[in-house]
Amino acid sequence: MRTCPRPTRGTTLAESQVLRRLKQLGDKNDLFRSYIGMGYYGTITPSVIKRCVLQNPGWYTPYTPYQAEVAQGRLESLVNYQTMIQDLTGLDVSNASLLDEATAGAEAFSMAYSINKKRNVFLVDEQLHPQTLALIKTRAEPFEVEIRVGSIEDMEFNEDVMGCLFQYPDTRGIVRDFGDVVKRAHDVGAIAACSADLLSLTLLQAPGDFGCDIAVGAVQRFGIPMGYGGPHAAYIATKEQHMRRLPGRIVGVTKDSNGNKAYRLALQTRETHIRRDKATSNICTAQALLANMSALYGMYHGADGLKQIATRVHRLALATKSELVSAGHRVSDGLFFDTLHVYPKDLAEVKARAADKQINFRYFDDGAVGVSFDEAMTERDVADVIAVFTGVERADCSDLACPEVDFGALARKSAFMTHPIFNTLHSETELMRYCKYLENKDVSLVHSMIPLGSCTMKLNAATEMEVVTMDEFAALHPFAPSEQAKGYWEMFDEITEDLCKITGYDAVTMHPNSGAQGELAGLMTIRGYHIANGNPQRKVCLIPASAHGTNPATAAMAGMKIVAVKNCGDGAIDMDDLAAKCEKHSKELGAIMVTYPSTYGVFDENIVEICDMVHKHGGQVYLDGANMNAQCMLCRPGDYGADVSHLNLHKTFCIPHGGGGPGMGPIGVKKHLIPHLPSHPIIEGPNQGSGGPIAAAPFGSSLITPISWSYIRMMGARGLRNASAVAVLHANYMADRLAEHYPVTYRGAKGRVAHEFVVSFAAFKKHGILVQDVAKRLQDFGFHSPTMSWPVNDSLMIEPTESECKTELDRFLDALITIRHEIQEVVDGVYPAEDNVLVNAPHTAGSLLATEWNHSYSRDKAAYPTEWLRQNKFWPAVGRVDDKYGDQNVVCSCPPMETYLD
Ligand SMILES: *Cc1c(COP(=O)(O)O)cnc(C)c1O
């Protein structure tokens, strides 16, 4: 059956060799115990979640839930996540995850800015985690906004202040009462935002309870390893009145065509594919898989279990404090949760003994030491900390004090996670079955090909995935001294060198943790370059109408002025229009953002000319590298004229999509841009320039980088070239077979498509059949629809990738061709336009088994349009979701239990 060509081996590594090499690299990482804190903590991933979700392709291979009917499992899980975040923060609505705590802090700033547009000052407490502060400064830099840093209690709130942000507990670990600050902010109409540690909120007053408008933070310590920086989810929650300004995805509850409860992406009009430069943010890929794991962690433990964990962690800190104080060290005053801020008697001695014991503390510039505890620690770890500070080893820890927990007025009083879903899944048996119950509702790559154009749904090989559960990579704190991460750094060296060879760029930075963040990193790099050359006015960004929505949204974030460039009828960029726009904006031209091969699925013949023309007018070329799967080892952006690109490692380079994240968006640049690349405030990595940070961690989501590294190692140059060639071959095979049945909208000059292509359904509109009906009908065949109505309305964009064999391509083609016959039956009047298998799709088992059946077609025709479905049928969990109802009645938390029972 498997007829796909296999990549040639040559000097490449076999699967077993790659695993051995990874182990060797992992052994070069030193696993010191981390007491560093700063938003990253040790945690215990429950094995049941690791096995049923993290190691399970049913969970990690799907894309963002665009087709809600075949994504009800992860949508339900994300609603659980949102409910958990709302409950813990005491706020009304949470989104479905952001990338990391620092970007979430920057999004809080952006929300305050959009709420109070006329104001120009944002106040930040000086005890904010430094990476969050640095990132907010990056985000504010393109705008005329002052980020004022100080002790927030002493800062002036006036009518210029749009909002403020503080850390709770603060970066030293001290729990301050921000109630007055919030009141003072509200008195002048400013937004109060809080970056809060999620675990501490089980014991401490919730941000919503003391009036905050926005809360953000990391969700990492809810069961996700530190991974040398990620991936893990970050949260953002707000009050209902600001819901429409939330960045990223929000999952909402609606009803389906049968009147049953159903989940879907809500309020999508905020997002990039619709609002483009007016979107609330440029977030596309976020951290769905990790948010789902954290939600399951919360459900497994429940509110009581989480409180117990938090209490234990707090007691470890309390016990340590009393020992350190009685040994004569100064511990900073104030309440604390898990972190002590200590001025030791002899810092050098502490540092030396800590190194001996392979312990990492946080060392502040003023001689203080930060000591953070987490759920993975025991009394033994406390004894070791005490030994480091006092020099006295303890054989037995049983005499350690177990003081009472007392947060006084700041103790949490409000209940949280009271919904039954958080109180029923505390046994492994139950949780295992719940994970399977959810998984069974979702179409993923374990079922069938998912030909989502531009998304590159290719194989995420099992060998590549091994690394994410290897402690040697998973257990590192991102701010651990770099010499402890030699294995990682060697791997980064190798992968950046490989990516340079693949792209033709001179340097690659692994810093951005999604494609859209890569775009921002790239545009900010361009911005820095223009400013350094004395051209700060170069702010015009040319963007073709066909560009991905993240392009204009990112350009807006980089403070650029977006000028649209037309596309010709054949899909190519309109060269006359481009020339006219370049001419007109010659003095202000900053950049063009182009995608190659274009989003219309063709290799634009003019790409070299386009780059030349923009360069001639002083602009830089940002080449959106999401389509690298069409060109690896065939052609290189650096060769045909681009200056900078992001690469979606979660597309071409095999990191799974996780149902909407994680991702990695490293950027490659030409030599002249290297000095302007992003930097990091804590860890100095290779290729750091003068730009501010884009992500919280120096190497973004480090833990998933070895997935791409393994892929490249196993493929080698010839394998990568073969993969691209076969991806293009597959697309052309499909386009040619389909062309007899549907118009293929764009082809290149030689009549060929690239690795993806657009098929139009516009002709059937007048017969009452919309492209949505085709997308939903594909679900009855067990297929996930290709990308719908993007970049061209009434179309599907099909990207098969090289991973599928011909049998699977044909199965999908046969489904689309069968659907063409079904459309013809409607056109010919065999079935009425308002009652046929297309407009009623998808068909659930429930609707087909109902006693009454009064449709114009048979149940058999609905359920089994082709023979192979009788052997292998995927049943959509719900009928067609009602988007309109969902957006008119926005519910973003777990619906009451009764709705589960019917
Ligand atoms: C996927 C994609 C992006 C955005 O990448 P994310 O990782 O989702 O942020 C940008 N441009 C194109 C063409 C894409 O396909």
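All values derive from a computational prediction rather than experimental measurement. (Residues numbered from 1 in each chain as written. Predicted model: local features only at pLDDT ≥ 70, side-chain atom pairs only at ≥ 80, totals over all residues. Heavy atoms only, no water.)

Enquirer: Teacher, can you tell me more about the side chain of His646 here?
Expert: On the secondary structure map, His646 appears in strand β23 (residues 644-646). Only 2.7 Å separates the side chain of His646 from the side chain of Tyr622, close enough to count as a polar contact. With residues up to four places along the chain from it excluded, the contact list for His646 reads Gly515, Gly518, Glu519, Tyr622, Leu623, Asp624, Gly625, Ala626, Gly665, Pro666 and Ile667. (Helix = DSSP H or I, 4+ residues; strand = E, 2+ residues; numbered from the N terminus. Polar contact = N/O pair within 3.5 Å; in protein donor to acceptor, adjacent residues only side chain to side chain. Contact = heavy atoms within 4.5 Å.)

Enquirer: What am I meant to see in the UniProt feature "domain: Glycine cleavage system P-protein N-terminal" (unreviewed entry) in the protein here?
Expert: Following the UniProt record, the feature "domain: Glycine cleavage system P-protein N-terminal" (unreviewed entry) maps to residues 12-389 and 418-678 here. For residues 12-389, helix accounts for 38% and strand for 18%, while the C-alpha atoms at its two ends are 49 Å apart. For residues 418-678, the end-to-end C-alpha separation is 43 Å, with 34% helix and 12% strand making up the annotated structure. (UniProt positions renumbered as here; feature names shortened; annotations may be inferred.)

Enquirer: Help me out: how do you make sense of the site of the ligand in this one?
Expert: Taken together, 14 residues are adjacent to the ligand, and Thr285, Ser454, Asp624, His650 and Lys651 come closest. Within the side chain of Asn648, a nitrogen or oxygen atom sits 3.0 Å from an oxygen atom of the ligand. Residue Lys651 places a side-chain N or O atom 2.6 Å away from an oxygen atom belonging to the ligand. Protein contacts shield 100% of the accessible area of the ligand, which totals 380 Å² for the unbound molecule. Broken down by element, the residue count for the shell around the ligand peaks at three residues, all from helix α16 (residues 515-532). Residue classes in the shell around the ligand are distributed as three nonpolar, eight polar and three charged. (Near = heavy atom within 4 Å. Areas by Shrake-Rupley, 256 points an atom, 1.4 Å probe, with all protein chains shown as cover. Nonpolar A, V, L, I, M, F, W, Y, C, P; charged D, E, K, R; others polar.)

Enquirer: I'm lost on the sheet that holds strand β3 (residues 121-125) in this one. Help?
Expert: Within a sheet, neighbouring strands are paired by backbone hydrogen bonds and run either parallel or antiparallel to one another. Taking strand neighbours across the sheet as the criterion, the seven strands line up as β2-β9-β8-β7-β5-β3-β4 in an open arrangement whose pairing is mixed. Each edge of the open sheet carries a strand with a single partner, namely β2 (93-94) and β4 (146-150). Pairing geometry for β2 and strand β9 (residues 234-238), over two bridges, is antiparallel. What sits directly across from Ser94, in β9, is Ala237. Lying over the sheet, helix α7 (residues 179-187) contacts β5 (161-168) and β7 (191-196), oriented at roughly 170 degrees with respect to β5. (Pairing = 2+ DSSP bridges. Axes fitted to C-alpha atoms, helices over the stretch in contact; angles between N-to-C directions.)

Enquirer: What exactly am I supposed to notice about helix α1 (residues 15-27) here?
Expert: Residues separated by three or four positions in an α-helix point in the same direction, a consequence of the helix having 3.6 residues per turn. Taking 1.5 Å of rise per residue, 13 residues should cover 18 Å, and α1 covers 18 Å from first to last C-alpha, within 8% of that figure. Those residues of α1 lying buried are Val18, Leu22, Leu25 and Gly26. Here the buried residues of α1 occupy an arc of 100 degrees about the axis, which is enough to place them on one side. In this fold, the buried residues of α1 make contact with α13 (462-465), α14 (471-474), α15 (486-503) and α21 (705-739). (Expected span 1.5 Å × (residues − 1). Buried < 20%, exposed > 50% of the residue type's maximum accessible area, 1.4 Å probe, protein only. Arc of directions from axis to C-beta.)

Enquirer: Explanation requested: helix α5 (residues 101-115) in the structure shown.
Expert: For α5, built from 15 residues, the straight-helix expectation of 21 Å at 1.5 Å per residue is met to within 8% by its first-to-last C-alpha distance of 21 Å. Along α5, 11 of the 15 residues are buried, which leaves the element largely enclosed by surrounding structure. The N-capping residue of α5, defined by a side-chain oxygen 3.2 Å from the backbone nitrogen of Ala102, is Asp100.

Enquirer: When you look at the pairing of strand β25 (residues 757-760) in this model, what are you seeing that I'm missing?
Expert: On any regular strand, side chains alternate: one points to one face of the sheet, the next to the other face. Side chains Phe757 and Val759 of β25 all project onto a buried face; the interleaved residues Val758 and Ser760 project onto the opposite face, where all are buried too. Examined bridge by bridge, β25 and strand β27 (residues 795-798) share four bridges and lie antiparallel to one another. Considered in β27, the bridge of Ser760 is made with Ser795.

Enquirer: Help me out: how do you make sense of the sheet that holds strand β12 (residues 330-331) in this one?
Expert: The strand order across the open sheet built from four strands is β12-β14-β17-β16, with neighbouring strands paired in antiparallel fashion. Edge positions in the open sheet fall to β12 and β16 (362-363), since each of these has one partner strand only. Strand direction decides the pairing type here: β16 and strand β17 (residues 369-372), joined by two bridges, are antiparallel. Residue Arg362 lies in a different strand from β17, and its bridge partner there is Gly370. On top of the sheet, helix α9 (residues 288-326) reaches β12 and β14 (339-343); it is set at about 15 degrees to β14, its chief contact.

Enquirer: Help me understand the packing of aromatic side chains in this model?
Expert: Given two aromatic rings, their pairing is described by the distance between the two centres and the angle made by the two planes. Inspection of every chain in the model, using the stated rule, returns 32 aromatic pairs. Ring centres of Phe473 and Tyr488 lie 5.1 Å apart, and the angle between their planes is 85 degrees; this geometry places the pair in the edge-to-face category. With Phe473 in helix α14 and Tyr488 in helix α15, this residue pair connects regions lying 15 residues apart in the sequence. The buried category is assigned to Phe473, whose relative accessible area is 0%. Put simply, the rings of Tyr228, Phe473, Tyr488, Trp489, Phe492 and Phe699 pair up and form one aromatic cluster. Here Lys255 stacks its cationic end above the ring of Tyr885, 4.5 Å away from the centre of that ring. The ring of Tyr363 carries Lys351 above its face, with NZ or CZ at 4.9 Å from the centroid. (Phe/Tyr/Trp six-rings, centres within 6.5 Å; stacked < 30°, edge-to-face > 60°. Lys NZ or Arg CZ within 6 Å of the ring centre and 35° of its normal.)

Enquirer: I tried to follow the nonpolar core on my own but got confused; where do I start?
Expert: Nonpolar side chains tend toward joint burial in soluble globular proteins. Phe361, Val371, Phe373 and Leu499 are the most contacted members of the largest nonpolar core, which totals 150 residues. The element that contributes the greatest number of residues to this core is α9, accounting for 18 residues. Contact partners of Phe361, with chain neighbours within four places excluded, come to Tyr35, Ile36, Val350, Ala354, Val369, Gly370, Val371, Val385, Val388 and Phe389. In terms of nonpolar packing, the next biggest core, distinct from the first, is built from 43 residues, Val216, Met243, Phe479 and Cys892 among them. (Core = buried A, V, L, I, M, F, W, Y, C linked by side-chain atoms within 4.5 Å.)

Enquirer: Could you clarify how one ought to interpret the side chain of Asp442 in this entry?
Expert: By secondary structure assignment, the location of Asp442 is in the loop between α12 (428-439) and α13. Polar contacts involving the side chain of Asp442 include one to the main-chain amide nitrogen of Gly73, which spans 2.7 Å. Within the local environment of Asp442, its side chain forms a polar contact with the backbone nitrogen of Arg74, the two atoms lying 3.0 Å apart. For Asp442, the contacting residues outside a window of four places in its chain are Val70, Ala71, Gln72, Gly73, Arg74, His447 and Phe874.

Enquirer: Quick question: what am I supposed to make of the environment of His511 here?
Expert: Topologically, His511 is positioned in the loop between β18 (507-509) and α16. You can call His511 buried: its relative accessible area is 3%. For the pair His511 and Lys750, spaced 239 residues apart in sequence, the C-alpha separation works out to 39 Å. In this view, His511 contacts Pro678, Ser679, His680, Pro693, Ile694, Ala695, Ala697, Pro698, Phe699 and Gly700; residues no more than four positions away in its chain are not counted.

Enquirer: I'm lost on the pattern of salt bridges in this one. Help?
Expert: Oppositely charged side chains can form a pair if their charged atoms are brought close together. In the structure shown here, the tally under the stated rule is 53 salt bridges. Here Lys501 makes a salt bridge to Glu497, at a shortest N to O gap of 3.5 Å. Residue Lys501 and its partner Glu497 are both found in helix α15; the two are separated by four residues, about one turn of the helix. Here Arg777 ties to Glu822 by a salt bridge, and the two come within 2.8 Å at their closest N and O atoms. Here Arg777 is found in helix α22 (residues 771-780), whereas its partner Glu822 is found in helix α23 (residues 806-827), with 45 residues between them in sequence. An identical accessibility class is assigned to Arg777 and Glu822; each is buried. (Salt bridge = Lys/Arg side-chain N within 4 Å of Asp/Glu carboxyl O.)

Enquirer: Is there a simple way to explain the state of the cysteines in this structure?
Expert: Scanning the entire structure with this criterion turns up zero disulfides. With no disulfide of its own, Cys568 has Cys582 as its nearest cysteine by sulfur position, at a separation of 14 Å. Sulfur of Cys894: no disulfide; nearest cysteine sulfur belongs to Cys892 and is 11 Å away. (Disulfide = S-S within 2.5 Å.)

Enquirer: I keep staring at the packing of α16 against helix α17 (residues 550-557) and nothing clicks. Help me out?
Expert: The geometry of a pair of packed helices is captured by two quantities: the angle between their axes and the separation between those axes. The contact between α16 and α17 brings their axes to 9 Å, and the two run at 45 degrees. Regarding the angle of α16 to α17, the classification is oblique. For α16 against α17, the interelement crossing comes out right-handed. Contact with α16, carried on its side by Ala516, Glu519, Leu520 and Leu523, involves Thr550, Asn551, Thr554, Ala555 and Met557 of α17 and no other residues of that element. Looking at the contact of α16 with α17, its residues break down into five nonpolar, three polar and one charged. (Parallel < 35°, antiparallel > 145°, perpendicular 65-115°, else oblique. Left-handed = near helix turned anticlockwise from the far one by under 90°.)

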